[in-house]
Amino acid sequence: MLPLKKTFPIIVVLITLSLLGIIAIQVSWIRNAAILRKEQQEQRFVSVTDAVRNEMVRRQAPPIRFKMGGTTITKGADNSFNLEKYELSNITVGVSDRFTTEEVQHLIDSTLRKQKLNTKFEFGIIGRSAFSNDNIIKMQSGSFGRLFDMAVKDTINYSIQTVPLVTSFEFMNDQMEVLHIVFHNSSSLMMSWLSWVIAGCVVFTIIIVTAFALTIRTLLNQKKLSEIKSDFINNMTHELKTPLATISLAIDAIGNKKVMENHEKIQYFSGIIKEENKRMNKQVESILQSALLEKNEIGLNLQVIDAHQVIQHSVENIQLQLAAKDGRVELRLDAINPIIKADDVHFSNVVFNLLDNAIKYSKQNLEIVISTYNTRKHLNITISDNGIGMSRDTISRIFEKFYRAHTGNVHNVKGFGLGLSYVKAIVEAHKGRIKVESAVGKGSKFTLEFPQE
């Protein structure tokens, strides 16, 4: 089975290719569907125009007289022709002469409704002379001229349909009439039909992208957890191996005959064993506390305590560590009311962990300043130092379990990366807040805020 480091890039590439392929197929399908829909729309407009033309030609007119030479031809309602000898003026009558503009408008509108088309339109009837190329507008709706010019330039949002108006006796006329209908916003009709398809594709694409992002995030988290687990195992092995080796050496020394006869040396080596045993117990306890915190099973024994006394006691307990760094602690306990309701043990551990952290991540000549002050309903405690400081990335992650900041030139920093996660959990369990300010090379400042009743 391939490790996560090798499978992760492969999974990302495969999912990305699949996602891009799905999107490409959807775009191609929508484009083809739009083209097909537009062709269907155009065909329906052609059908409407033909239906209007047929209806206009079908309607009969009253008898009309035409003169051919010296003979008058009378066309009756039954389409029969009667020849009479009359000297009449030549009369030219077209299809448009049988209708008013309102009648044609109504005819087109009703035909559109029958086709279940809801679109705006303009129309015009243009007569073309058989003996010249002159065009005469014989009938038009209000905005026909303007819309016709626009439709010629914009074939996407407009559709022009043109049909000749032919009668059975057109050979007697000197003009041919042509019906032009300009249909408006055909693309909007097409988009309204495709809107639900596009919306569905967008929704499902968003779902796929979200699932893809969650998958990548989960893989990254798993990768990070795997690295954290490896670091934790390495740290734990090192932290437990050192005291075990010391205890083993002390036991071997006690077994030596010369040492057995010297009670002072036996007491010395016994003290080493005891201290190393306490050290291991403390490490195991920190791991167990972390497990309990994760399950939210730590019970707080809340009682009224004086925060100043706890702080002073914690400072006394770190004097040896401070001496090793030539360090000092300055107390500015200015809070008028240092009384809070907290768990004495856990509150002491919070203060001690922050002080211990300041000592670990510092160089020589360490300076720690602890100050307290009251706000309206809170006690604020700040612990600042002149240590190595932290980067923005480190600040964003220091409260994560098992995370350990890079120490730069500071070596031999021991621990499991549980101290600050424990501090944050305990502060929040007391309904308080913690924040950190830091800059690389300029030290760090932790601010604790505890509620006061």
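What comes next is a walk through the structure. Everything numeric in this text was worked out from a predicted model, so none of it was measured.

So, the nonpolar core
- Core analysis: the biggest nonpolar cluster contains 37 residues, and Phe347, Ile368, Ile381 and Phe446 have the highest contact counts within it.
- Those elements that place two or more of their residues in this core are α7 (307–317), β10 (339–343), α9 (344–360), β11 (367–374), β12 (378–385), α11 (419–429), β13 (433–439) and β14 (443–451).
- For this core, the leading source of residues is α9, giving 8 residues.
- When sequence neighbours within four positions are dropped, the list of residues in contact with Ile381 reads Ala307, Ile311, Phe347, Ile370, Ser371, Thr372, Phe446, Thr447, Leu448 and Phe450.
- Core analysis: the next-biggest nonpolar cluster, separate from the first, contains 19 residues, Phe45, Val52, Ile125 and Met139 among them.

Topic: the pairing of β13
- Summarising the sheet, β13 and β14 pair through 7 bridges and their orientation is antiparallel. Across the sheet, the residue bridging to Val436 is Phe446, located in β14.

Focus on the sheet that holds β12
- Pairing is mixed in the open sheet, where 5 strands are placed in the order β9-β11-β12-β14-β13. Two strands close off the open sheet at either side, each with one partner strand: β9 (328–333) and β13. Neighbour-to-neighbour, the strand axes of the sheet open up by a mean angle of 10 degrees, direction not taken into account.
- Across the sheet, α7 lies against β9, β11 and β12, angled at about 175 degrees from β9, the strand it touches most.
- Sheet strands in contact with α11 are β13 and β14, and its direction is about 145 degrees off that of β13.

A closer look at the packing of α7 against α9
- Remark: α7 packs on α9, axes separated minimally by 10 Å, with the N-to-C direction vectors making an angle of 50 degrees. In terms of orientation, α7 and α9 fall into the oblique class. Considering how the two elements wind past one another, α7 and α9 form a crossing that is right-handed. Judged by residue contacts, Ala307, Val310, Ile311, Ser314 and Val315 of α7 engage Asp344, Phe347, Ser348, Val351, Phe352 and Leu355 from α9.
- Split by residue class, the contact of α7 with α9 holds 8 nonpolar, 2 polar and 1 charged.

Thoughts on the packing of aromatic side chains
- In this structure the tally under the stated criterion is 4 aromatic pairs.
- Both rings, one in Phe144 and one in Phe148, keep their centres 5.5 Å apart while their planes meet at 40 degrees; by these two values the pair is tilted. Of this pair, Phe144 and Phe148 are both found in helix α3 (residues 144–153), 4 residues apart, which corresponds to roughly one turn of the helix.
- With a centroid separation of 5.3 Å and an interplanar angle of 70 degrees, the aromatic rings of Phe347 and Phe450 are classed as edge-to-face. Taken together, the positions of Phe347 in helix α9 and Phe450 in strand β14 put the pair 103 residues apart, joining distant regions of the chain.

Looking at the pattern of salt bridges
- Inspection of the entire model under this criterion finds 7 salt bridges.
- One salt bridge connects Glu177 with Lys138, and the closest N-O pair in it is separated by 2.8 Å. Taken together, the residues span a long stretch of sequence, with Glu177 in strand β7 (residues 175–184) and Lys138 in strand β5 (residues 135–140) at a distance of 39 residues.
- Using a relative accessible area of 4% as the deciding quantity, one classes Glu177 as buried.
- On the basis of relative accessibility, which here comes to 29%, the residue Lys138 falls in the partly exposed class.
- The partner of Lys424 in a salt bridge is Glu428, with the nearest N and O atoms 2.5 Å apart. Taken together, the residues span about one helical turn, with Lys424 and Glu428 both in helix α11 at a distance of 4 residues.
- Classification of Lys424 as partly exposed rests on a relative accessible area of 27%.
- Overall, the relative accessible area of 45% leaves Glu428 in the partly exposed class.

What counts, and at which threshold
- Residues numbered from 1 in each chain as written.
- Predicted model: local features only at pLDDT ≥ 70, side-chain atom pairs only at ≥ 80, totals over all residues.
- Heavy atoms only, no water.
- Core = buried A, V, L, I, M, F, W, Y, C linked by side-chain atoms within 4.5 Å.
- Buried < 20%, exposed > 50% of the residue type's maximum accessible area, 1.4 Å probe, protein only.
- Helix = DSSP H or I, 4+ residues; strand = E, 2+ residues; numbered from the N terminus.
- Contact = heavy atoms within 4.5 Å.
- Pairing = 2+ DSSP bridges.
- Axes fitted to C-alpha atoms, helices over the stretch in contact; angles between N-to-C directions.
- Parallel < 35°, antiparallel > 145°, perpendicular 65-115°, else oblique.
- Left-handed = near helix turned anticlockwise from the far one by under 90°.
- Nonpolar A, V, L, I, M, F, W, Y, C, P; charged D, E, K, R; others polar.
- Phe/Tyr/Trp six-rings, centres within 6.5 Å; stacked < 30°, edge-to-face > 60°.
- Salt bridge = Lys/Arg side-chain N within 4 Å of Asp/Glu carboxyl O.

The quantities given are spatial measurements derived from coordinates; they are silent on function.
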